[in-house]
Amino acid sequence: MKVEIKTTPGMEAIPTAGVVKINKTLLSPGELGAVLEVMLRNRQGVVTHRQVKKAESFVGQFLRLLFAFMMQGNEFSALPGLYMTDGGIHSVKYTVTERMAANAPLSNDSYGIQVGSGSAAVTVGDYALATKIAHGVGAGQLQHSAMTFGAPASDATLSQFTLTRDFSNGSGGNVTVRETGLVLVHKYGNNAFAYFLALRDVIADMVVPNGETLTVNYRIQAVV
Amino acid sequence: MQTLLTLRRLSPQGHLLEQRRQLSRSFVRNFIELLYVNMTQAGVTISDVFGQSRSVSVGYSNLVTAAPPARGLGGGYIPGDLLGIQVGSGNTPPTPADVALEARIPHVDGAIEAGDVFKEGFYYPSVTSSTQLYGNNWAAAVFMVGQAVRAYKARIRGLRLGSVAGRTLTLGIRAVAAGTYLPTGADIIAGTLALDDTITTVQPGQWLEVTFGGQTTLHPGLADCPGALYALVGRIDGGDGSNYLRWRYYTSGSDGSYTRYREGQYTRYCTSGNGGSSWTDSDYHQMEFQILGRYPPGLLYGGSSLELIEEPAVPPPDQRFTMRRYFSNVCGQAVTVSEIGLHIMAYSTSYYPHLAARDVLGAPVVVNSGEILEVIYQPQINV
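Predicted model, so just to flag it, every value in this text is computed and none were measured.

1. Let's talk about the overall build of chain B
Okay, step 1: From N to C terminus, chain B includes one helix and 25 strands.
Okay, step 2: Taking 383 residues into account, the globule formula puts the C-alpha radius of gyration at 21 Å, and chain B, at 24 Å, falls close to it.
Okay, step 3: In chain B, which comprises 383 residues, the share counted as buried stands at 55%.
Okay, step 4: Relative to all contacts within chain B whose residues are 6 or more apart in sequence, the contacts with residues 24 or more apart total 76%.

2. A closer look at the overall build of chain A
Okay, step 1: Broken down by element type, chain A carries one helix and nine strands.
Okay, step 2: Its helices and strands taken in sequence order, chain A reads β-β-α-β-β-β-β-β-β-β from the N to the C terminus.
Okay, step 3: Put simply, chain A has 224 residues, and 52% of those count as buried.
Okay, step 4: Put simply, of all contacts in chain A between residues at least 6 apart along the chain, 67% involve residues at least 24 apart.
Okay, step 5: When the accessible surface of chain A is summed, it comes to about 8900 Å², and 50% of that surface belongs to carbon and sulfur atoms.

3. What about the interface of chain B and chain A?
Okay, step 1: On the side of chain A, 54 residues touch chain B, which itself brings 45 residues to the contact.
Okay, step 2: In total, chain B and chain A occlude about 4300 Å² of area from one another, counting both sides; carbon and sulfur atoms represent 69% of this.
Okay, step 3: Our count for the contact surface shared by chain B and chain A stands at one salt bridge.
Okay, step 4: For Arg64 of chain A, the salt bridge is made with Glu311 of chain B, and the minimal N-O distance between the two is 3.5 Å.
Okay, step 5: Scanning the region where chain B abuts chain A turns up eleven residue pairs in polar contact (both at pLDDT 80 or more).
Okay, step 6: Elements represented by at least two residues in the side of chain B that touches chain A include exactly α1 (29–40), β21 (300–310), β22 (319–328) and β25 (372–381) of chain B.

4. Some points on the sheet that holds strand β2 (residues 16–23) of chain B
All names here are of chain B.
Okay, step 1: Pairing within the open sheet is antiparallel, and its five strands lie in the order β2-β1-β25-β22-β21. Of all the strands in the sheet, the pair left with one neighbour each is β2 and β21. Each strand axis lies, on average, 15 degrees off the axis of its neighbour in the sheet, ignoring direction.
Okay, step 2: The sheet contact formed by strand β1 (residues 2–10) and β2 spans seven bridges and is antiparallel. The partner of Leu4 across the bridge, within β2, is Leu23.

5. Brief notes about the packing of aromatic side chains
All names here are of chain A.
Okay, step 1: Counted by the stated rule, this structure contains 17 aromatic pairs over all chains.
Okay, step 2: The interplanar angle of 20 degrees and the centroid separation of 4.2 Å between the aromatic rings of Phe58 and Phe62 together place this pair among those described as stacked.
Okay, step 3: Among the residues examined, Phe58 registers a relative accessible area of 1% and is labelled buried.
Okay, step 4: An aromatic cluster is present here, built from Tyr111, Phe193 and Tyr195 joined pairwise through their rings.

6. Describing the nonpolar core
Okay, step 1: The biggest cluster of nonpolar side chains holds 98 residues, and the ones touching the most others in it are Leu163, Leu182, Leu214 and Tyr218 of chain A together with Phe31, Val87 and Ile340 of chain B.
Okay, step 2: Element by element, the count of residues in this core is highest for strand β8 (residues 192–208) of chain A, at nine residues.
Okay, step 3: Not counting residues up to four positions away in its chain, the partners in contact with Phe31 of chain B are Leu32, Leu66 and Met70 of chain A together with Leu63, Ile344, Leu355 and Ala356 of chain B.
Okay, step 4: If you look at the next biggest cluster of nonpolar residues, it comprises 35 residues, including Val127, Phe143, Val210 and Leu245 of chain B.

7. As for the pattern of salt bridges
Okay, step 1: For the structure shown, the criterion picks out 33 salt bridges over all chains.
Okay, step 2: Here Glu98 of chain A and Lys187 of chain A are joined by a salt bridge, their closest N and O atoms 3.8 Å apart. Here the residue Glu98 of chain A occupies a position in the loop between α1 (60–71) and β3 (112–116), and Lys187 of chain A occupies one in strand β7 (residues 175–189), the gap between them amounting to 89 residues.
Okay, step 3: On the basis of relative accessibility, which here comes to 23%, the residue Glu98 of chain A falls in the partly exposed class.
Okay, step 4: Across the pair Lys132 of chain A and Asp109 of chain A runs a salt bridge, and its minimum N-O distance is 3.5 Å. Remark: Asp109 of chain A occurs in the loop between α1 and β3 and Lys132 of chain A occurs in the loop between β3 and β4 (143–144); sequence separation between them is 23 residues.
Okay, step 5: Classification of Lys132 of chain A by relative accessible area gives partly exposed; the value is 38%.
Okay, step 6: Judged by relative accessible area, which is 15%, Asp109 of chain A ranks as buried.
Okay, step 7: Ionic contacts of the salt-bridge type, sharing partners, join the residues Asp116, Lys153, Arg155, Glu209 and Arg294 of chain B into one network.

8. Topic: the confidence of the model for chain A
Okay, step 1: Looking at chain A, pLDDT values average 86 and 85% of them are 70 or higher.
Okay, step 2: Per-residue pLDDT stays below 50 along residues 1–22 of chain A; that stretch engages in 23 contacts with residues further than four places along the chain or on separate chains.

9. Points about a nonpolar patch on the surface
Okay, step 1: A surface patch of nonpolar side chains, about 280 Å² in accessible area, is lined by Tyr83, Ile89 and Tyr127 of chain A.
Okay, step 2: For Ile89 of chain A, the position within the fold is in the loop between α1 and β3.

10. Overview of α1 of chain B
Okay, step 1: In this model, α1 of chain B (twelve residues) spans 16 Å end to end at C-alpha, consistent with the 16 Å of a helix rising 1.5 Å per residue.
Okay, step 2: Burial in α1 of chain B covers these residues: Asn30, Phe31, Ile32, Glu33, Leu34, Leu35, Tyr36, Val37, Asn38, Met39 and Thr40 of chain B.

11. Description of the layout of surface pockets
Taking a probe equal in size to a water molecule and rolling it over the atoms shows the remaining empty space.
Okay, step 1: Of the volumes computed, that of the largest pocket is approximately 310 Å³.
Okay, step 2: Along its surface, the largest pocket is lined by 15 residues, and Val49, Phe50, Arg104, His219 and Pro220 of chain B are the ones closest to its centre.

12. Looking at the side chain of Arg248 of chain B
Residue and element names in this part refer to chain B.
Okay, step 1: Turning to its location among the elements, Arg248 is positioned in strand β16 (residues 244–251).
Okay, step 2: Among the residues examined, Arg248 registers a relative accessible area of 0% and is labelled buried.
Okay, step 3: There is a polar contact of 3.2 Å between the side chain of Arg248 and the backbone oxygen of Tyr124.

The rules behind the values
- Here the residue numbering is sequential within each chain, running from 1 through the sequence in written order.
- To label them, take the chains in the order written and letter them from A, then take the ligands in the order written and number them from 1.
- In view of the model being predicted, local features appear only for residues whose pLDDT reaches at least 70, and side-chain atom pairs are presented and counted only at 80 or more, with totals across whole chains, interfaces and linings using the full set of residues.
- The side-chain numbers reported here are obtained from all heavy atoms of the structure, hydrogens and water having been left aside.
- In this description a helix means any DSSP run of H or I spanning at least four residues, a strand means any run of E spanning at least two, and both kinds are numbered starting from the N terminus.
- The globule rule is 2.2 Å times the number of residues to the power 0.38, and the radius of gyration it is compared with is taken over C-alpha atoms.
- Throughout, exposure labels follow a simple rule: accessible area from a 1.4 Å probe, protein chains only, divided by the maximum for the residue type, with under 20% read as buried, over 50% as exposed, and the rest as partly exposed.
- Contacts are assigned to residue pairs with any non-hydrogen atoms lying within 4.5 Å of each other.
- Working definition of accessibility: Shrake-Rupley area with a 1.4 Å probe, residue cover restricted to the visible protein chains.
- Here the quantity called buried area is the total loss of accessible area, with a 1.4 Å probe, experienced by two parts when brought into contact, counted for both.
- Every case where a carboxyl oxygen of Asp or Glu lies within 4 Å of a side-chain nitrogen of Lys or Arg is listed as a salt bridge.
- For this analysis, a polar contact is any N or O atom pair within 3.5 Å, provided that within protein one partner can donate a hydrogen and the other can accept it, and provided that sequence-adjacent residues contribute only side-chain to side-chain pairs.
- Strand pairing is assigned whenever DSSP detects at least two bridges linking the two strands.
- Axes, fitted as lines to C-alpha atoms, cover a helix only where it is in contact. Angles between the N-to-C directions of the axes lie from 0 to 180 degrees.
- For Phe, Tyr and Trp, where Trp contributes only its six-membered ring, two rings pair if their centres lie within 6.5 Å, and the inter-plane angle classes them as stacked under 30 degrees, edge-to-face over 60, or tilted in between.
- Here the nonpolar core consists of buried residues drawn from Ala, Val, Leu, Ile, Met, Phe, Trp, Tyr and Cys, with membership extended through side-chain atoms lying within 4.5 Å.
- The predictor's confidence in any single residue is recorded as pLDDT, a number from 0 to 100.
- Patch construction takes residues with relative accessible area above 30% that form no salt bridge. Like charges are linked within 9 Å, and nonpolar side chains (Val, Leu, Ile, Met, Phe, Trp, Tyr) are linked within 5 Å.
- Expected helix span is taken as 1.5 Å per residue step, with the number of steps being one fewer than the number of residues.
- Of the grid points, spaced at 1 Å and generated over the protein atoms alone, those admitting a 1.4 Å probe that cannot get out make up cavities, while open sets with protein on both sides within 12 Å along at least five of seven lines make up pockets; any residue with an atom within 4 Å of a point is treated as lining.
- Grid points are joined across faces, edges and corners, and a volume is the space filled by probe spheres set on the points.

Quick look at the structure:
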């Protein structure tokens, strides 16, 4: 039986059997960054669409977080340009352990990998997705799985670990994803959280039909 | 994110003599592992810069790289020279698996002496206790140095019981087995002293000195890290229970009542009844000894600072921040720098330094006596 797999420009056609593993980097020597992989699986779990690209870059909020924790800063309320995902300014402390966590649980769309429908170009000052897709089964929503992680590994030139999240469509209609991001949480007290965007990417339209699942992998890499 | 590495060699007056600039190749696997710990809140097992395996978990000061100058405590836990920007003389290209500089240049804050001077040791004149050295009965003083020392000679404070004529005292520096306070392996360097019965039998004894057959550099470190502890092992050939050399010690606990030179520490007293094949240790006795030597070639580590995020008016990059450290050559001879690194803190049972980045220079930089080397790391992003 002949099987046709639809593709869009810049994408690779996926065989009907198995999952294609990525064992390469798109980064240059000396770079610290990420490779983004977005896969759509049908109801049978078969990957039907896939995009792979070098992530745009860490945005400025990540650089500020890195600076604050390398400095062992106690309070960085005055750190210029450090904005939460809601646009507010918040201090960060080094005296907490959940300083830049991405381990969002099931259904929590405030941090971890996020997806959205916005298509505005990425800028270094981005502090949130343009139009975040919320968790849920309502129109335009996707159900967010818990974040999972692949342990660090390395070869002769590359070190990496992987962050993964599944987004399942139970909304009854199509949901189009045009952007992805990674948000880190800074927990500074009991039930007190600040969310900071670390990565944002704009992708070619990925239509997620009802009943299908979008998997987003961010592979954080360093190349020597 | 890429990192720009800049080296500037300055005259004693601060004039720019030479500048090098290259893209860093550097972030190693340890840095990826520490990002993983922060993002997942899970632990990892990685090696610190001394090669000791550590089970790292989330900690308040994970990722800290800012450091005070010299031996001031960085982050409250680690001597400043072991944190932040580092320099070395290795030239093997970096790999993700690197856990340390290939040949780290030590912190040195003085000119290399023309002759041997007292560098480390302990002496408490009013005590009278001692251990016996004869035949297979050996003893060792386990210690740490506070700064890098090029060891040339060693002394122990001793006296004799009976006759030691015709015997030979051997003092050797040995490594200490990881995770223990026990001497291990053969002498790294050693020296001998012919004994006779002119050696006093009266307290407080006398200094008995050997000159080592070669030299080695003793490096400061952290108490439970490999390579930070050294053992001065003493023994004589022959003798018996009525004719032996007495090595004096101070009987106390492991508190700070002993005399230290700089930030060095005396940590243990060890004995062996089988000629060094096995040892037992105790912190109850503090052996009286001295290490004499000189500074090794090295550089004086200034503070390792971070400067706030900047957004250049004319990109690229879009944003960057700057890490900077000055290294002054006060040792009196030229020092060649060919590798650069970055140490950061990570928490396991305590905080230890871990390698985050390592680079080998396209061409070495020779820092002459009196000159200053400025090393700048600038992580930067372009969206």
